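Each chain, written out:
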Amino acid sequence: MYRLLFPGGKEKAVTFSYDDNTVHDRWLVEMLNRYSLKGTFNLNSGRMDVEGYIGSGEVAELYQGHEVACHGVRHLFPNQISDGELVREYWDDRLTLEKLSGQIVTGLAYPFGVQNARIREALKLLGLHYGRTVESTRSYFFPDDFLVWNPTCHHQEAIDDPLIVDTFLNPPAYMQPQLLYIWGHSYEFAGRDNWEEMEALCQKLSGHEEIWYATNGELYRYKTAAGQLMESADGARVENPTGVPIWILKDGEVQVLRGTE
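None of these values were measured; they are calculated from a predicted model.

In this section: the sheet that holds strand β12 (residues 246-250). Pairing is antiparallel across the open sheet formed by three strands, whose spatial order is β1-β12-β13. Pairing within the sheet leaves two strands with one partner each, and these edge strands are β1 (3-4) and β13 (253-257). Summarising the sheet, β12 and β13 pair through five bridges and their orientation is antiparallel. Residue pairing across strands places I248 opposite Q255, the latter belonging to β13. Of the strands in this sheet, β1 and β12 are in contact with helix α9 (residues 216-226), which crosses β12 at around 55°.

So, in structure tokens, the structure goes:
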């Protein structure tokens, strides 16, 4: 028997996810950087270089240290367009974002949170492996299907109900929370004028030795690699057939399985 841990033997992880690439991302990224937090920014490549949105020339520098992911070229309802248009909407978005960011783009957030089996199958063929919805779970678990990745909560829920974060940081003895996933839009802070409340939330989550601060993509890749661990029938041995180091807690000790070279 073993329990999965995160890199460095950490017990928990925190990630943020923000959509729509408005100019307010500049302030949000600066805030996340100040508190050593990491996020995934889901961008509409067709909305750049217009008033109120970030410029294409600032993508690489602005989101450095964070993840760039798809949100569709034009933020269309994915269930209201043809198969061909769906392919163009996300393939073109991915191509453009990779050129602008220098990153390999492998995830997305669904516009309006809309997804279904047809959409998911198309996105897998386009090399997109994880997709965030807008359905809050108020729980701290990984999804069974990463293309139906329901977050813990919207940032306003975390602000309005401190118990969400407090329970994650100081869980009862019976609970072993793994992941706190917060999402939103940076322009919402300007609309509510609650940047200070968001900063207090960031400060509260920052600096915990037991937390891995990661992007959506980092979490996906680690959890996918961990899913390939092989355990003997008697539970005495655990082997890692991947090239990704995986941390586990076994027999009361933290172990790192380096895997194949």
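What follows covers the packing of aromatic side chains. In this description, an aromatic ring pair is defined by two values, namely the gap between the centres and the angle between the planes. Per the stated rule, a full pass over the model turns up 16 aromatic pairs. With a centroid separation of 5.2 Å and an interplanar angle of 80°, the aromatic rings of W149 and Y181 are classed as edge-to-face. Of this pair, W149 sits in the loop between β6 (130-132) and β7 (153-154) while Y181 is found in strand β8 (residues 179-185), placing the two residues 32 residues apart along the sequence. Comparing W149 with Y181 shows no difference in burial state: the two are buried. An aromatic cluster is defined as three or more aromatic residues linked by ring pairs; in this entry it consists of F6, Y130, F142, F146, W149, Y181, W212, Y220 and Y222. Lying across the ring of F168, K12 places its NZ or CZ 5.3 Å from the centre.

This next bit is on unusual backbone geometry. You will see that D49, though not glycine, has its phi angle at about 65°, which is positive. Within the secondary structure, D49 sits in the loop between β3 (39-43) and α2 (59-62). Its identity as a non-glycine residue notwithstanding, R138 has a phi of 55°, on the positive side.

Rules behind the numbers
Throughout, a residue's number is its position along its own chain's written sequence, starting from 1. Local features in this predicted model are restricted to residues of pLDDT 70 or higher, and side-chain atom pairs are both shown and tallied only at a pLDDT of 80 or more, whereas totals for entire chains, interfaces and linings draw on every residue. Side-chain metrics rest on all non-hydrogen atoms present in the structure, leaving aside hydrogens and water. For two strands to count as paired, DSSP must find a minimum of two bridges between them. Put simply, DSSP H or I for four residues or longer makes a helix, DSSP E for two residues or longer makes a strand, and each gets a number counted from the N terminus. Throughout, a residue-residue contact means that at least one pair of heavy atoms, one from each residue, lies within 4.5 Å. Axes, fitted as lines to C-alpha atoms, cover a helix only where it is in contact. Angles between the N-to-C directions of the axes lie from 0 to 180 degrees. Classification of ring pairs rests on two measures: the distance between centres of Phe, Tyr or Trp rings, Trp counted by its six-membered ring, which must be within 6.5 Å, and the angle between planes, read as stacked under 30 degrees, edge-to-face over 60 and tilted in between. Buried residues are those whose accessible area, probed at 1.4 Å on protein chains only, stays under 20% of the maximum for their type, while exposed residues exceed 50% and partly exposed ones sit between those limits. Both a distance and an angle decide whether a charge sits over a ring: NZ of Lys or CZ of Arg must be within 6 Å of the ring centre and within 35 degrees of the ring normal.

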